[in-house]
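Architecture at a glance
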Amino acid sequence: MHTVDAIVKKVSKSKSTPSSAASMDFRFIECIRDNYLFQHIKEPTRARIGQEPHILDLVLTNEEDMVTDLDYLSPLGKSDHAVVVFKFNCYVQHESPTRAKFYYDRANFDDMKNDLVKINWDDALDSTSIDIQWNTFKSLLMDIQERHVPRRRSRLSTVKKGKVNLDFKTQSVIRKKHRCWKRYMETRDNKKYVEYCKVRNKVKALTRNAVKRKEQEIVNEIKTNPKKFWQYTQSKTKTRVGVTDLKVNDNSENLTKNDAEKAEVLSTFFSSVFTQENCINIPTMEIKPLLHTMSQIDITEERVIQGDRRKVSRLVA
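A brief structural summary. Values in this document were obtained by computation on a predicted structure and should not be read as measured data.

**Some points on the environment of R152**
Along the chain, the position of R152 falls in strand β6 (residues 151–155). On the basis of relative accessible area, R152 is assigned to the partly exposed category, the value being 45%. A sequence separation of 50 residues divides R152 from F102, and the C-alpha atoms of the two residues are 6.9 Å apart. Leaving out residues up to four positions away in the same chain, R152 has contacts with R99, A100, K101 and Y103. Reaching out from R152, the side chain makes a polar contact with the side chain of Y103 at a distance of 2.5 Å.

Set out below in structure tokens:
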């Protein structure tokens, strides 16, 4: 721990990469760069009278958005070390989501038509607000759907889209690696450990080759199927950046609390920049003389068939 503190203190003081490749701080920084890690602490976290403040804390992640709302608070008690508070966006175990699947091929459309005819649409949609009319129409339609269309709840697929499919040979070697490890833990025999290391290295080589084949397949199809590339790229990220909280209006410091309020704020903003066209003084277009006229074209069935035969003959040739 003291070694890490000394390295961080020296690096934060120099503000640059050490020149000596054999030094510990040089190898430390190169290790961080090689693993593409993000250092979230940007301000000094230790300060004492008569000494220069230094950064003595490391918060390293492999994605920048995994740490948010980072703040530096005053030290506890007589300590000279600041308290670092932040929000860590980690993995959360969710239950398997379900959705209702409707079977429209088994729906009773005759009863649905009869129910729609019985509705007095003039009275149901008498409101002047388009939002109220739409919600009323949607609720009536959903109610009819619930009564006349059979359904059942099905689980959504939880398979990771970017998952690499391993062949039978790789899976069998992985199982063999597990067995070798169990034998070594039972016997503590060095020969068993050597055997385990050989199988472990083989598994590592096979899985790396499987990932390379998967990525090469995505690269080969990037022109014809770019969606596959973006799905694989998104599967490698652990955080999702959405729309941040918005101000309710320019004269208020209140922020939106849910997605519905965000959508309403964005809708209000976009509608405020709509152009109001002047429908009274509409300019007249200048009539330009025609320089080239198209003669009358006669399309007959015989000419179409004749043209198709010529195309077929060219393809055969």
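**As for helix α7 (residues 190–220)**
Taking 1.5 Å as the rise per residue, α7 with 31 residues should run 45 Å; its terminal C-alpha atoms sit 45 Å apart, in good agreement. Contact partners of the buried residues in α7: α6 (168–187) and α8 (226–235). Structurally, the start of α7 carries an N-cap: the backbone nitrogen of K191 is 3.3 Å from a side-chain oxygen of D189.

**A closer look at the nonpolar core**
In terms of nonpolar packing, the biggest core is built from eight residues, these being V173, I174, C180, Y196, C197, V199, V203 and L206. Secondary-structure elements contributing two or more residues to this core are α6 and α7. For this core, the element with the most residues is α7, which contributes five residues.

**A word on the packing of aromatic side chains**
Per the counting criterion, the structure on display carries seven aromatic pairs. Their ring planes at 45° and their centres at 5.9 Å tell us that W121 and F137 sit as a pair that is tilted. A residue pair is termed long-range when its members are at least 10 positions apart, and W121 in helix α4 (residues 121–124) and F137 in helix α5 (residues 130–148) qualify at 16 residues. A ring pair is formed by Y193 and Y196, whose centres lie 6.1 Å apart and whose planes are at 40°; its orientation type is tilted.

**Here's the deal with the packing of α6 against α7**
Where α6 meets α7, the axes come as close as 9 Å, and the angle between the chain directions of the two elements is 155°. Between α6 and α7, the angle is such that the two are roughly antiparallel. When you trace α6 past α7, the crossing you get is left-handed. Facing T170, V173, I174, K176, K177, C180, W181, R183, Y184 and T187 of α6, the residues of α7 in contact are K192, Y193, E195, Y196, V199, R200, K202, V203, L206 and T207. Its residues assigned to classes, the contact of α6 with α7 shows 10 nonpolar, three polar and seven charged.

**Describing the pattern of salt bridges**
Using the criterion set out here, one finds eight salt bridges in the structure. Here E30 makes a salt bridge to R33, at a shortest N to O gap of 3.4 Å. Of this pair, E30 and R33 are both found in helix α2 (residues 24–34), three residues apart, which corresponds to roughly one turn of the helix. Accessibility expressed as a relative area gives 46% for R33, which makes it partly exposed. Taking the shortest distance from any N to any O, the salt bridge between K262 and D245 comes out at 3.7 Å. One end of the pair, K262, is in helix α9 (residues 259–272); the other, D245, is in the loop between α8 and α9, with 17 residues separating them in the sequence. A residue is classified by how much of its surface remains accessible, and D245, at 42% relative accessible area, is partly exposed.

About the criteria used
Every chain's residues receive numbers from 1 upward, in the order its sequence appears when written. With pLDDT at 70 or above as the cut-off, local features in this predicted model cover only qualifying residues; side-chain atom pairs require 80 or more to be listed or tallied, and sums for whole chains, interfaces and linings still use all residues. The side-chain values count all of the structure's non-hydrogen atoms but skip hydrogen atoms and water molecules. Helical segments are the DSSP runs of H or I of at least four residues, strand segments are the runs of E of at least two, and each set is numbered from the N terminus. Relative accessibility decides the category of a residue: with a 1.4 Å probe and only protein chains considered, values under 20% of the type maximum give buried, values over 50% give exposed, and everything between is partly exposed. In what follows, a contact means two residues having at least one pair of non-hydrogen atoms within 4.5 Å. Distance and chemistry together define a polar contact, namely a pair of N or O atoms within 3.5 Å, with one atom able to donate a hydrogen and the other to accept it when in protein, and with adjacent residues in sequence counting only for side-chain atoms on both sides. Helix span, as expected, comes to 1.5 Å for every residue beyond the first. We define the nonpolar core as a collection of buried residues of types Ala, Val, Leu, Ile, Met, Phe, Trp, Tyr and Cys that are connected through side-chain atoms lying within 4.5 Å of one another. Pairing of aromatic rings covers Phe, Tyr and Trp, the last through its six-membered ring, and needs centres within 6.5 Å; plane angles under 30 degrees mean stacked, over 60 mean edge-to-face, and all others mean tilted. Lines fitted to C-alpha atoms define the axes here, with helix axes fitted over just the stretch in contact, and angles between the N-to-C directions of these axes take values from 0 to 180 degrees. Between 65 and 115 degrees an angle is taken as roughly perpendicular, under 35 as roughly parallel, over 145 as roughly antiparallel, and anywhere else as oblique. For a crossing to be left-handed, the near helix must be turned anticlockwise from the far one by less than a right angle; the clockwise case is right-handed. Gly counts as polar in this scheme, as do all residues outside two lists: the nonpolar Ala, Val, Leu, Ile, Met, Phe, Trp, Tyr, Cys and Pro, and the charged Asp, Glu, Lys and Arg. What counts as a salt bridge is simple: a side-chain nitrogen of Lys or Arg found within 4 Å of a carboxyl oxygen of Asp or Glu.

Remember, this is a structural readout, not a statement about activity or role.
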